[in-house]
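Geometric and topological summary
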Amino acid sequence: MAEDLIAEFFGRLADQGQVPTFAGESATIRFDIGDGEVEHWHVIVRKGNVTVSRQHKSADAVVRIKRPEVEAMVTGRLNAQTALLRGAVACEGSLAALMMFQRCLPGPPGSTGRVAPISSATVMSWRRP
Amino acid sequence: MSASTELVQILEGNTFVVSDSGGDIEASPTDPTGLFSFDTRFLSHWVLTVDGQRLSPLSTDDLHYYQARFFLVPGSGTVYVDSQLSVIRLREVANGFHEELRVLNHQNEAVRLEIRIEAASDFADLFEVKDALAKKGEYQSEPSPGSLVLRYRRETYMRETAISSTAPAVFDESGLTFQVTVPPHGEWKTELHVVTVVGIVDGSQRGAARSRGQRRVRRDMARGLEKWLQRAPRLECDWEPLAAIYHRCLTDLAALRFSTLTMPNRALPAAGLPWFMTIFGRDSILTSLQALPFNSELAATTLLALAERQGTRTDDFREEDPGRILHELRYGELTAFEERPHSPYYGSADATPLWVILLDEYERWTGDVRLVRHLEHAACAALDWIDKYADLQGNGYIAYQRRNPETGLENQCWKDSWDSISYRNGDLPGFPRATCELQGYAYDAKVRGARLAREVWRDMALADRLEKEAAELKRRFNRDFWIDDGEYFAVALDTDGRRVDSLTSNIGHLLWSGIVDKAKARAVARHLLGPRMFSGWGVRTMAEGDARYNPIGYHVGTVWPFDNSFIAWGLRRYGFKEEAACIAAGILQAADIFAGRLPEAFGGYPRSATRYPVQYPTACSPQAWSTGAPLLLLRVILGLEPHHEHLIVDPAMPKWIGHLALLDMPGRWRRMDAYGRGRVDTDRATQR
């Protein structure tokens, strides 16, 4: 199951080819996933166009991360920036490459972008400093 | 304030030290002293004693923004006795801080002394220092023969402070001790290194080359400041204070330079010292705009850094949308654990159109079409955000309402306090709110986006569409926001499309954006310079006479220098040169009284009532956009405007300024000089 989420994500990314949120930029990122038996995903972005392989090749950024964290990230449950600040992700090399990559990650499940309007009467009833 | 309670602050980038005037740090959980880096306090206790005795300061020198020197003598300092010892601490910020400690013996005999430094850290998040929150992780203190490492750990989150010394010391869990003999009329010296370890950027902050590295950083800082000042245009003026104001602004702007982790060799303006040493979309953009005629690198970095973190998805906690430009980015523990949304937080309704405005203005000054081409995708995403994600009222206007009710911002415009947007009678409108200046920014972003589409991206269809939308927006805006009986624009439209009818300084930003119909501009200008709004020093955020008006209310009556600089720019844009000169006169005279460093805001009392501007008490000084205000005002009174490959100069300056010259103005014309002579009589307006 776990294998599926990660493979599915990178599979979808590769199928997409041109990823608009990469804004035509270029970078290479390798993900080293897991503790003991390390799984590699190598992502090449050329002018926004993505190719993915399983090779252990050099990259602008090498990202070390555990499996549950990747699963959380590719499903929007873990934000890349907070993971980095928390030490759940270690990035060697170009942090800019990782920052570019995170732009293809989904938002948190349940975020709708919508919120119910609030009336003037309600605002007036709030206790204020 | 007595000398011993005055705080001393030095900084570099997002690292800063706040200590007492003797150099000691004794922070309580809510006290703003300490060594801070990446929004975390790395030292909360740093106290020097000699033979168990505290020291008292004789004097303190702020040598540079990154360096301070403390002259101390043993004892409490209540009764001054000729001391046989003096102690000098020279402290510099760089990847933590570096402190040279010298003990001078003034006697004819050698003395044996025990010198001790107590050190500890609470690793508080900046937000915790403000709100006094409890910590959730564990502390460790690890002394070794050569160093003391203080550590904080919460799950995988780890921050460290490593303390070492060049002279031999005994390290224990709570500090370090030196047993020294100082020869007669001689001195003893050590260099202390306090290094902060964040662990995001690996390797670079550790290692044996630490002290050599710090010395290099220090030399670079001194050289960097010199170069920064030399590169700026030279100013000559008959009114002497202006040269000092100009120099203060450039130096403060240098201190406010901030580098992101992904662009360590570039600088953008952080919002303010010391608590807002980070990227703020709005503040970084507006300061870059103010400084653009003098330095274009800040603008370029701001554009790139904000594009890098431009929103790409829907996230209600961070209030992120595709294309939205961020509001604030933080690196502390509360952000790391999502107890605060600043990773980054996107709750700003103006940063996105303002980013497009800066992109265009940057190109007009620099001719750097490469950067504009590089940022085409980001610009289109920003323009799309305005129409697709910001129209919360469904009426074609930008509006805001927070989606993060716990830690999001209620007012997502520059007047972000809870009571800033109100009806004339003091009632508060509901949400979403469409404040007027947002519509002006949207209009300007479309007009400028159209120019870039036509001239740089060669996308004629986009240019045509944006121009059509802009014209349509202007037409509707002048109908929907205009208050006929008062002859001004409402501060906002509420959820029912009703005009929120207080009279505010926001109408000045409308002139700046160009959204105001020519026929309505004179009435707007009359209000801005009229007795309800103009205090003699500047334009009040809210007009006297409205229910919530308070001359010392944060956004409801105080005068903000930054606000005034954009209002003056707006007046110029509509041809009100003399009115713009009057505002420049008041603000520059205030700047002179504040020794060149304008506060964030000052009281809205009539000038005749207080004689001196009454400073609004705020934690941050210098504030970036207050620092930028005199720079923008210089542009405004000289009438500097890029036009193709030329710089137009069309001065309208206060008479008492006399002759003014800005030499070697950088731009697409390489270097040009601008001259003016003061001819506008501003005294009547400013003597209010």
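Going by the structure above, here's the rest.
Notes on the structure in this doc start here. (Residues numbered from 1 in each chain as written. Chains lettered and ligands numbered in written order. Predicted model: local features only at pLDDT ≥ 70, side-chain atom pairs only at ≥ 80, totals over all residues. Heavy atoms only, no water.)

Side note on the overall build of chain A
The condition is simple: Helix and strand labels come from DSSP, where a helix needs a run of H or I of at least four residues and a strand needs a run of E of at least two; each type is numbered from the N terminus. Computation of the radius of gyration draws on C-alpha atoms, with the globule rule given as 2.2 Å multiplied by the number of residues to the power 0.38. Note on exposure labels: buried denotes an accessible area under 20% of the residue type's maximum, exposed denotes more than 50%, and partly exposed covers the range between, all computed with a 1.4 Å probe on protein chains only. It only takes one pair of heavy atoms within 4.5 Å for two residues to be counted as in contact. Here the accessible surface of atoms and residues is derived via Shrake-Rupley with a 1.4 Å probe, and residues count as covered only by protein chains that are part of the display. Positive charges come from Lys and Arg, negative ones from Asp and Glu, while His and the chain ends are left out of the count. For charged residues, the charge sits on one atom: NZ in Lys, CZ in Arg, CG in Asp, CD in Glu.
Per the secondary structure count, chain A includes five helices and five strands. Each helix and strand of chain A, ordered N terminal to C terminal, gives the series α-β-β-β-β-α-α-β-α-α. Taking 129 residues into account, the globule formula puts the C-alpha radius of gyration at 14 Å, and chain A, at 18 Å, lies well above it. The dimensions of chain A, computed from C-alpha atoms along their principal axes, are 60 × 35 × 30 Å. Counting only residues that meet the buried cut, chain A has 43% of its 129 residues in that class. Residue pairs in contact within chain A that sit at least 24 positions apart in sequence constitute 62% of those at least 6 positions apart. Of the accessible surface of chain A, which amounts to about 6,300 Å², a share of 52% is contributed by carbon and sulfur atoms. Charged side chains of chain A number 15 positive and 13 negative; the gap between the two group centres comes to 10 Å.

Structural notes on the side chain of S19 of chain B
With respect to the element layout, S19 of chain B can be found in strand β2 (residues 15–20). With near-sequence residues (within four places) excluded, S19 of chain B lies in contact with E6, L7, V8, D24, I25, F70 and R91 of chain B.

Side note on the packing of aromatic side chains
Residues and elements named next belong to chain A. Here is the rule: We call Phe, Tyr and Trp rings a pair once their centres come within 6.5 Å, taking the six-membered ring for Trp, and we label the pair stacked below 30 degrees between planes, edge-to-face above 60, and tilted otherwise.
Under the criterion given, the structure shown has 41 aromatic pairs over all chains. An angle of 80 degrees between the planes, with centres 6.4 Å apart, marks the rings of F9 and F101 as edge-to-face. Here the residue F9 occupies a position in helix α1 (residues 2–16), and F101 occupies one in helix α4 (residues 95–101), the gap between them amounting to 92 residues. A residue is classified by how much of its surface remains accessible, and F9, at 5% relative accessible area, is buried. Measuring from centroid to centroid gives 6.4 Å for F22 and F101, while their planes differ by 35 degrees, and the two rings are tilted. Of this pair, F22 sits in the loop between α1 and β1 (27–33) while F101 sits in helix α4; the two residues are 79 residues apart in sequence, bridging distant segments of the chain. Residue F22 is classed as buried on the basis of its relative accessible area, which comes to 0%.

What to know about the packing of helix α5 (residues 297–308) of chain B against helix α7 (residues 351–366) of chain B
Residues and elements named next belong to chain B. Our working definition: Axis lines are fitted through C-alpha atoms, for helices just across the contact stretch, and the angle between N-to-C directions can take any value from 0 to 180 degrees. The hand of a helix crossing depends on one turn: near helix anticlockwise from the far one by less than a right angle means left-handed, and clockwise means right-handed. Amino acid classes used here: Ala, Val, Leu, Ile, Met, Phe, Trp, Tyr, Cys and Pro are nonpolar; Asp, Glu, Lys and Arg are charged; the rest, including Gly, are polar.
Direction vectors running N to C along α5 and α7 enclose 140 degrees, while the axes themselves pass 10 Å from each other. Here α5 and α7 pass one another in a crossing that is left-handed. The residues of α7 that touch α5, namely those facing A299, A300, T302, L303, L306 and A307, are W355, L358, L359 and Y362. In terms of residue class, the contact of α5 with α7 is built from nine nonpolar, one polar and no charged.

Considering the pairing of strand β12 (residues 138–143) of chain B
All names here are of chain B. Operational definition: The pairing criterion for strands is at least two bridges between them, as found by DSSP.
Strand direction decides the pairing type here: β12 and strand β13 (residues 147–154), joined by six bridges, are antiparallel. Within the sheet, the bridge partner assigned to E138 lies in β13 and is R153. The loop that links β12 with its antiparallel partner β13 comprises three residues.

Overview of helix α4 (residues 281–291) of chain B
Most of α4 of chain B is tucked away, with eleven of its eleven residues classed as buried. Among the residues of α4 of chain B, G281, R282, D283, S284, I285, L286, T287, S288, L289, Q290 and A291 of chain B are the ones counted as buried.

With respect to the nonpolar core
Inclusion rule: The term nonpolar core refers to a set of buried residues drawn from Ala, Val, Leu, Ile, Met, Phe, Trp, Tyr and Cys, joined through side-chain atoms within 4.5 Å.
Counting residues in hydrophobic clusters, the biggest one holds 218 residues, and the most contacted among them are W46, I115, W355, L528, L571 and L660 of chain B. Take this core: its biggest share by element is eleven residues, from helix α10 (residues 436–457) of chain B. Grouped together as the second largest cluster of nonpolar side chains are 36 residues, V70, L84, A88 and C91 of chain A included.

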